[in-house]
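The residues making up each chain are set out below.
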Amino acid sequence: MFTGRGSEYFRIWVVNLLLTLLTLGLYSAWAKVRKATYFRHNTWLDGHVFDYHGNPVAILRGRLVAVVLLTGYTWAFQFSNAAGLLTVATLCAAGPWLFMRAQQFSLANTSFRGLRFGFRAQAGEAYWTVLPVLALWFAPVVGGAFVSVETWVYWTPTFASVLAWPWMHHRLKAYQRRNAVYGDRDFTFTPATLRFYGVYAKGFAFVVLGAILAAVTIGAVFAWWHRSGALLISSRIETWIYGALAVLAFYVVAWPYLAARLQHVVWSRTRLCDIHFRSEIKARPLLRIVLKNVGLSILSGGVYWPWATMALARYRIECIRIESGVPLSTLAASLAAQPVTAAGEGAADAFGFDIGL
Amino acid sequence: MTTFSGFRFDGRHAEAVPVIVHIDEGELIVKTADGTVDGTLLDRDRLDRVVVSEPFDRAPRLVWLPGGAALEVPDTNRSFAQQLRRSGVELSLAVRLQQRWPAVIVALAVIVAMLGLFYFKGLPATARWLAFSLPPRLEARMGEQVLGVLDKHYMRRSSVDIERRTRLANRFALAAAATAPGVRYRLEFRAAGNDGINAMALPGGIILVLDGLVRFAGDEDAVLGVLGHELGHVVNKHSVRQVLQSVGVGTVASLLWGDFSGVAASVPVVLGMLSYSREFEREADEFAIAFLRSQHVSARPLYDFFVKVRRWQSRLEDGQVPDFLATHPSTDERLDRLRREIR
């Protein structure tokens, strides 16, 4: 059960924002802790809530690392290919470790019934899992810097990374789940690569359909607009509008489907001792929520955002069912997790990773 | 004495032990709720040694005890919160602000005011300062990089005959020496697409002129005027300032509506939207007028050229609307300014 509400989260958001702006972004780490705490304290399972123990100073440190890495990634190729390659190499070298640490930080700082979750972090496994994913991810970027867009050298890696995306996503999810720990019990995860491909294939079909529909509509609108002689709309702005609409269309149409189906697959394969999980999330209600969120957020100039966040979180959390033969309280527990630094947590936040709880 | 019922977790087992909590003379006392009158004493801690979670409308209060145990105290009627306040447990400033709607509304107003100030004053000033204190080599490198990409994917060599190019370059050099002494620039002639009509200023003083512009304008004085306009962008470092401003907007937007994850997404989008602001165009126009004046060249050919481009615009293909005219609702205003100059 999730008891977070938009009107309350809105007040938290506003105050966090004010303090973040007043401190030139430094407060954002404390803001993050307060937001994470709000989510955990309002998530109920079996009559008790989750808890969060993140240390804001550690998060701040992590965020500084993330800003440096991100700035490097955004600008390096603008200056020179060597600088760009250096950044990519740094990301590849540090990425798996940061990803692992991010998982560890987020899980080890979450507790339920006084017991911490955890993440078994072994550098070797992290590199083995994440490096192929990173290599495929950066191949087009690196290729684009050296050869012209038209050649096969550029398109092959791009095409390959698109084809391999479900495999990469599954690899990361499986890594996250099979290494998660609650108290002294391990989570297990049954691989489901093919299911991932199935979901993505159907999602892709939806995107193509949606894209064709959107292109026809937008094209018609613009054709009419031009004929009516509206002047001075530059091609750049048009491209930008096309791009923004495409992204929005993808988010509104394809994301709910993918998120719903993948959450379903991932949870049904996750297990903790005798506890099974089930996700009853459905694409259509999720689509309705996302449509409403996007629409109202745009109409309200962004003020609806906290309500949107709550509505989405509430639906996603309340759709997860837990089936267990034994009461949770009979689980014996090991001692508290070891302290971790948050360098990875900040960086993972910046690149948009999450465990999808 | 008011007591509160809740649960205690020892941090070693997942078991939830029902407990009775009460506060007495600055101490938090936790006893088992096993039905006996008093119950067994589990904890007795001074209030300043325990940490109590932030109050939320529908969440229980969590109390972290020094020994590693935690309490979960449901508090739907806020009586536990009141008792804590009476016993001297202070709430943080942030919590006190967010509990009051009027304070939240004021905070929102302050945020909007700060963002407005930042967007209209702080950001342009910072970007200007940064642009002028950036090492020239860095800026030149950015320009070369952009030119390299354009050359690789979109541009061909110029086919305008060499005498004409040299003549233009010489006249440009004279006027530049008079109006912008000491400013580094480099004139590059290129051809693109189906004779695209365009000219642009890249970082590091690279001024790019497309054959289509030279041919379409016909009159050399008009081309000189457009080049003067572009030199105006160079002198004022508009391209770098624009990039810096978009990065600033992207960063703030992601602070508002995402965590940092937005940064990664928004920066490229904003960078792709590089078009000069109305203010920048006006500055460049003013510069172009002074530029022409210094060579005693009339602004009329430039004006005529702008008008001609506008008339042709509706018939031009997509992507052929020149940058120096496009994206601005104030083209009329700019033409008016030129007309005044001619008189």
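Note that the structure is predicted; figures quoted are calculated from it, not measured.

Draft legend 1. How the structure looks around the overall build of chain B. Scanning chain B for helices and strands turns up twelve helices and eleven strands. Per-residue burial for chain B yields a buried fraction of 46% across its 343 residues. Taken as a whole, chain B presents about 17000 Å² of accessible surface, with 55% of it coming from carbon and sulfur.

Draft legend 2. Layout of the overall build of chain A. Of the regular secondary structure elements, chain A holds eleven helices and nine strands. Taking the intrachain contacts of chain A between residues at least 6 apart in sequence as the baseline, contacts between residues at least 24 apart amount to 75%. If you sum the accessible surface of chain A, you get close to 16900 Å²; carbon and sulfur atoms cover 71% of it.

Draft legend 3. How the structure looks around the nonpolar core. Within the largest apolar cluster, 37 residues are counted, with the highest numbers of intra-cluster contacts made by Phe172(B), Leu231(B), Phe291(B) and Phe305(B). In terms of residue count, the dominant contributor to this core is helix 7 (residues 220-235) of chain B (seven residues). Leaving out residues up to four positions away in the same chain, Phe291(B) has contacts with Phe172(B), Ala175(B), Ala176(B), Thr179(B), Leu224(B), Gly228(B) and Leu231(B). Core analysis: the next-biggest nonpolar cluster, separate from the first, contains 31 residues, Val130(A), Met168(A), Tyr175(A) and Ala14(B) among them.

Draft legend 4. Highlighting the pattern of salt bridges. Residue and element names in this part refer to chain B. According to the stated counting rule, one finds 23 salt bridges over all chains in the structure shown. Put simply, Arg171 and Asp221 hold a salt bridge, and the shortest N to O gap is 2.8 Å. Remark: Asp221 occurs in helix 7 and Arg171 occurs in helix 5 (residues 162-179); sequence separation between them is 50 residues. Two residues, Arg186 and Glu188, come together in a salt bridge whose shortest N-O distance is 2.8 Å. Take Arg186: its relative accessible area is 32%, and that puts it in the partly exposed class.

Draft legend 5. Broad picture of the sheet that holds strand 11 (residues 206-210) of chain B. Residue and element names in this part refer to chain B. Pairing is mixed in the open sheet, where four strands are placed in the order 8-9-11-10. Of all the strands in the sheet, the pair left with one neighbour each is strand 8 (155-157) and strand 10 (199-202). Here the average twist between neighbouring strands, direction ignored, is 40°. Looking at chain direction, strand 9 (residues 186-192) and strand 11 are connected through five bridges and run parallel. When the bridges of strand 11 are listed, Phe189 appears paired with Val209. Its contacts with the sheet put helix 4 (residues 136-153) on strand 8, strand 9, strand 10 and strand 11, and the angle it makes with strand 11 is roughly 20°.

Draft legend 6. The sheet that holds strand 2 (residues 48-52) of chain A, seen in detail. All names here are of chain A. Strand order in the open sheet made by the nine strands is 1-2-3-4-5-6-7-8-9, with antiparallel pairing throughout. Among the strands making up the open sheet, the edge pair consists of strand 1 (44-45) and strand 9 (320-323). As paired elements, strand 6 (residues 185-189) and strand 7 (residues 270-272) share three bridges and run antiparallel to each other. Pairing of Phe189 across the sheet is with Thr270, part of strand 7. Sitting on the sheet, helix 2 (residues 28-41) is in contact with strand 1, strand 2 and strand 3 (110-112), with an inclination near 165° to strand 2.

Draft legend 7. Region of interest: the side chain of Asp43(B). Along the chain, Asp43(B) falls in strand 4 (residues 41-46). Polar contacts involving the side chain of Asp43(B) include one to the side chain of Arg8(B), which spans 2.6 Å.

Draft legend 8. Spotlight on helix 3 (residues 101-133) of chain B. Phe118(B) marks the point of greatest bend in helix 3 of chain B, at about 45°. What helix 3 of chain B keeps buried is the set Val104(B), Ala107(B), Ile111(B), Leu123(B), Ala127(B) and Ala131(B).

Draft legend 9. View of the confidence of the model for chain B. Predicted confidence across chain B gives a mean pLDDT of 81, with 86% of residues reaching 70 or more. Predicted confidence is poor over residues 259-275 of chain B, with pLDDT under 50, and the contacts of this stretch with residues over four places away or in other chains come to 32 contacts.

Draft legend 10. The arrangement of the environment of Phe216(B) in detail. Looking at the secondary structure, you find Phe216(B) in helix 6 (residues 211-217). Taking the relative accessible area as the measure of exposure, Phe216(B) reaches 18% and is therefore buried.

Draft legend 11. Representation of the packing of helix 9 (residues 283-299) of chain A against helix 10 (residues 305-318) of chain A. Residue and element names in this part refer to chain A. Packing of helix 9 against helix 10 leaves a shortest axis separation of 9 Å and a crossing angle of 170°. When the axes of helix 9 and helix 10 are compared, the pair comes out roughly antiparallel. Where helix 9 approaches helix 10, its residues Pro285, Leu286, Ile289, Val290, Asn293 and Ser297 are matched on the opposing element by Trp305, Ala308, Ala311, Leu312 and Tyr315. A per-class count over the contact of helix 9 with helix 10 returns nine nonpolar, two polar and no charged.

Draft legend 12. Structural detail: the packing of aromatic side chains. Residue and element names in this part refer to chain A. Taken as a whole and assessed by the stated rule, the structure comprises 24 aromatic pairs over all chains. Every member of this aromatic cluster is reached through a ring pair, and the members are Phe50, Phe112, Phe117, Tyr182, Phe187, Trp267 and Phe277. Lying over the aromatic face of Trp128, Arg171 brings its terminal NZ or CZ to 5.5 Å of the ring centre.

Draft legend 13. Broad picture of the pairing of strand 2 of chain A. Residue and element names in this part refer to chain A. With five of five residues buried, strand 2 lies mostly within the body of the structure. Across two bridges, strand 1 lies against strand 2 in antiparallel orientation. Across the sheet, Leu45 pairs through a bridge with His48, a residue of strand 2. A loop of two residues connects strand 1 with strand 2, the two strands running antiparallel in sequence, and Asp46 in this loop sits at a positive phi of about 60°. Note: strand 2 against strand 3, three bridges, orientation antiparallel. From the neighbouring strand, Phe50 faces strand 3, where its bridge partner is Phe112.

Draft legend 14. Region of the structure containing the pairing of strand 2 (residues 17-24) of chain B. All names here are of chain B. The pairing of strand 1 (residues 4-9) with strand 2 spans five bridges and is antiparallel. For Gly6, the partnering residue across the bridge sits in strand 2 and is Val19. In terms of strand pairing, strand 2 meets strand 3 (residues 27-32) through six bridges, oriented antiparallel. Each residue of the ladder has a partner; that of Ile23, found in strand 3, is Leu28. Counting the residues that bridge the hairpin from strand 2 to strand 3 gives two residues, and of these Glu25 lies at a positive phi of roughly 45°.

Draft legend 15. Representation of unusual backbone geometry. All names here are of chain B. Even without a glycine there, the phi angle at Glu25 is positive, about 45°. For Glu25, the position within the fold is in the loop between strand 2 and strand 3. A residue is classified by how much of its surface remains accessible, and Glu25, at 77% relative accessible area, is exposed.

Draft legend 16. Region of the structure containing a positive patch on the surface. Judged by side-chain charge, Arg195(A), Lys202(A), Arg261(A) and Lys282(A) come together as a positively charged surface patch. Mapped onto the elements, Lys202(A) comes out in helix 7 (residues 193-227).

Draft legend 17. How the structure looks around helix 1 (residues 6-22) of chain A. All names here are of chain A. Across its 17 residues, helix 1 extends 24 Å between first and last C-alpha, which sits within 8% of the 24 Å expected from 1.5 Å per residue. Within helix 1, 15 of the 17 residues are buried, which leaves the element mostly enclosed by the surrounding structure. Looking one or two places after helix 1, you find Leu24, whose phi comes out positive at around 55°.

Reading the values: rules and limits
- Residues numbered from 1 in each chain as written.
- Chains lettered and ligands numbered in written order.
- Predicted model: local features only at pLDDT ≥ 70, side-chain atom pairs only at ≥ 80, totals over all residues.
- Heavy atoms only, no water.
- Helix = DSSP H or I, 4+ residues; strand = E, 2+ residues; numbered from the N terminus.
- Buried < 20%, exposed > 50% of the residue type's maximum accessible area, 1.4 Å probe, protein only.
- Areas by Shrake-Rupley, 256 points an atom, 1.4 Å probe, with all protein chains shown as cover.
- Contact = heavy atoms within 4.5 Å.
- Core = buried A, V, L, I, M, F, W, Y, C linked by side-chain atoms within 4.5 Å.
- Salt bridge = Lys/Arg side-chain N within 4 Å of Asp/Glu carboxyl O.
- Pairing = 2+ DSSP bridges.
- Axes fitted to C-alpha atoms, helices over the stretch in contact; angles between N-to-C directions.
- Polar contact = N/O pair within 3.5 Å; in protein donor to acceptor, adjacent residues only side chain to side chain.
- Bend = angle between axes of the 7 residues up to and from the residue.
- pLDDT = per-residue confidence, 0-100.
- Parallel < 35°, antiparallel > 145°, perpendicular 65-115°, else oblique.
- Nonpolar A, V, L, I, M, F, W, Y, C, P; charged D, E, K, R; others polar.
- Phe/Tyr/Trp six-rings, centres within 6.5 Å; stacked < 30°, edge-to-face > 60°.
- Lys NZ or Arg CZ within 6 Å of the ring centre and 35° of its normal.
- Patch = residues over 30% accessible without salt bridge, like charges linked within 9 Å, V, L, I, M, F, W, Y side chains within 5 Å.
- Lys, Arg positive; Asp, Glu negative; His and termini not counted.
- Charge placed at Lys NZ, Arg CZ, Asp CG, Glu CD.
- Expected span 1.5 Å × (residues − 1).

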